[in-house]
Amino acid sequence: MDTTLESSAAVLDTQKDADGSFPTDKKITVVFVLGGPGSGKGTQCANIVEHFGFTHLSTGDLLRAESKSGSPNGIMIRDMMNEGKIVPSEVTIKLLRKAMLESGNDKFLIDGFPRNEENRAAFENIMKIEPEFVLYFDCPVEELERRLLNRNQGRDDDNIGTIQKRFKVFIESTLPILEYYNSKGKLRKIDAGKPVDEVFEDVKAVLSPFAVEANTCRKSNVSMVLGLEYLIYLVKRLFRAARMLLTHLFHGTALEEGWHAASIQK
Ligand SMILES: Nc1ncnc2c1ncn2[C@@H]1O[C@H](COP(=O)(O)OP(=O)(O)OP(=O)(O)O)[C@@H](O)[C@H]1O
Ligand SMILES: O=c1ccn([C@@H]2O[C@H](COP(=O)(O)O)[C@@H](O)[C@H]2O)c(=O)[nH]1
């Protein structure tokens, strides 16, 4: 499958209200991040960004921002989120595509998406991008509920009524997506019921293929710096030798005296 932003753009740009254009033909790496509400997707994505250079895009965050922006879809999005319902794919994918473009990156963690079969098929058809794999944060429901009720980030949907609806949607619509990717050998399941640091150790193991690139990059930066320092050292020595030679040619005696004086001082 062709996975360039350019080809995705070609499809999306046929849409009447699609904005912007994709500047590159780079290969795009996408990792979907899924898990029940409160399983720690956002928390772990922040760690991944720091260590592996991905851009983190939470579709929930993108929809929340859109609902507050006063856009024509704003009220519809807010009402659906308050009911724990899944917003139509074209709305979410348009926001995702814009954010991917604006990031300038080519490696993305797409958090909280695809949530149902419609999301999955639409992303594949429109963006023409297959995920590398799906990171699935698996956590007992009692722990999810405890975390959400203690989150205190002012989210309208972190109340027990909406939380129950979100759990139901996750079981009915998102679990089949996880099964789909599992059948394709693309599911990477993580025990998310453990403390944050322990979960991240498991995440790092799954993302290790991307660390190779980061290490290589770091190593080559180090050798570049060392190489540059050595070059500066050589140039300095060359200048010193040239200066001594010139001084010797024009003031041979003085130089000899200088050397002599220097060797006495030693
Ligand atoms: N491993 C963990 N152990 C205990 N608490 C955690 C852990 N991971 C995250 N939390 C806490 O649980 C809450 C939910 O975490 P987070 O927002 O990362 O989940 P999420 O999966 O992104 O949620 P949502 O799907 O609702 O956006 C936060 O208050 C976070 O600090
Ligand atoms: O792709 C998506 C992502 C989210 N939603 C809606 O937003 C809320 C909150 O999502 P979080 O991932 O917990 O931030 C979710 O319950 C859905 O109503 C969506 O429709 N599509």
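Remember, it's a predicted structure, so these values are computed and weren't measured experimentally.

**Notes on the sheet that holds strand β2 (residues 55–58)**
Thought 1: Pairing is parallel in the open sheet, where five strands are placed in the order β2-β3-β1-β4-β5. If you trace the sheet from one side to the other, it starts and ends with β2 and β5 (187–191), each paired once. Along the sheet, successive strands turn relative to each other by an average axial angle of 20°, direction set aside.
Thought 2: Pairing between strand β4 (residues 133–138) and β5: five bridges, direction parallel. Note that in β5 the partner of Val134 across the bridge is Leu187.

**Considerations on the nonpolar core**
Thought 1: Of all hydrophobic cores here, the largest spans 24 residues; its most connected members are Val30, Phe32, Met100, Ile110 and Phe123.
Thought 2: Non-local contacts of Ile110, meaning those with residues more than four positions away in its chain, are made with Val30, Val31, Phe32, Val33, Leu57, Thr59, Leu96, Met100 and Phe123.
Thought 3: Among the nonpolar cores identified, the runner-up in size contains 23 residues, and Phe133, Cys139, Ile190 and Phe200 belong to it.

**Focus on the UniProt feature "binding site: ATP" (unreviewed entry) in the chain**
Thought 1: UniProt records the feature "binding site: ATP" (unreviewed entry) at Gly38, Ser39, Gly40, Lys41, Gly42, Thr43, Arg151 and Lys194, using the numbering of this structure.
Thought 2: Secondary-structure assignment places Gly38 in the loop between β1 (29–35) and α2 (41–52).
Thought 3: When neighbours within four sequence positions are excluded, Gly38 is seen to be in contact with Leu144, Arg147 and Leu148.
Thought 4: Assignment of secondary structure puts Arg151 in the loop between α7 (141–149) and α8 (160–183).
Thought 5: Not counting the four nearest positions on each side in its chain, Arg151 is found in contact with Asp158 and Arg166.

**So, the site of ligand 1**
Thought 1: Taken together, 16 residues surround ligand 1, and among them Lys41, Gly42, Thr43, Arg151 and Lys194 come closest.
Thought 2: Between ligand 1 and the protein, one listed contact pairs an oxygen atom with a side-chain N or O atom of Lys41 at 2.7 Å.
Thought 3: One nitrogen or oxygen atom from the side chain of Arg155 is found 3.1 Å from an oxygen atom belonging to ligand 1.
Thought 4: Look at ligand 1: alone it shows 630 Å² of surface, and the protein chains cover 78% of it.
Thought 5: Of all elements in the fold, only α2 and α7 reach the threshold of two or more residues within the shell around ligand 1.
Thought 6: In terms of residue count, α2 provides more of the shell around ligand 1 than any other element does, three residues in total.
Thought 7: Residue composition of the shell around ligand 1, by class: four nonpolar, six polar and six charged.

The rules behind these values
Residues numbered from 1 in each chain as written. Chains lettered and ligands numbered in written order. Predicted model: local features only at pLDDT ≥ 70, side-chain atom pairs only at ≥ 80, totals over all residues. Heavy atoms only, no water. Pairing = 2+ DSSP bridges. Helix = DSSP H or I, 4+ residues; strand = E, 2+ residues; numbered from the N terminus. Axes fitted to C-alpha atoms, helices over the stretch in contact; angles between N-to-C directions. Core = buried A, V, L, I, M, F, W, Y, C linked by side-chain atoms within 4.5 Å. Buried < 20%, exposed > 50% of the residue type's maximum accessible area, 1.4 Å probe, protein only. Contact = heavy atoms within 4.5 Å. UniProt positions renumbered as here; feature names shortened; annotations may be inferred. Near = heavy atom within 4 Å. Polar contact = N/O pair within 3.5 Å; in protein donor to acceptor, adjacent residues only side chain to side chain. Areas by Shrake-Rupley, 256 points an atom, 1.4 Å probe, with all protein chains shown as cover. Nonpolar A, V, L, I, M, F, W, Y, C, P; charged D, E, K, R; others polar.

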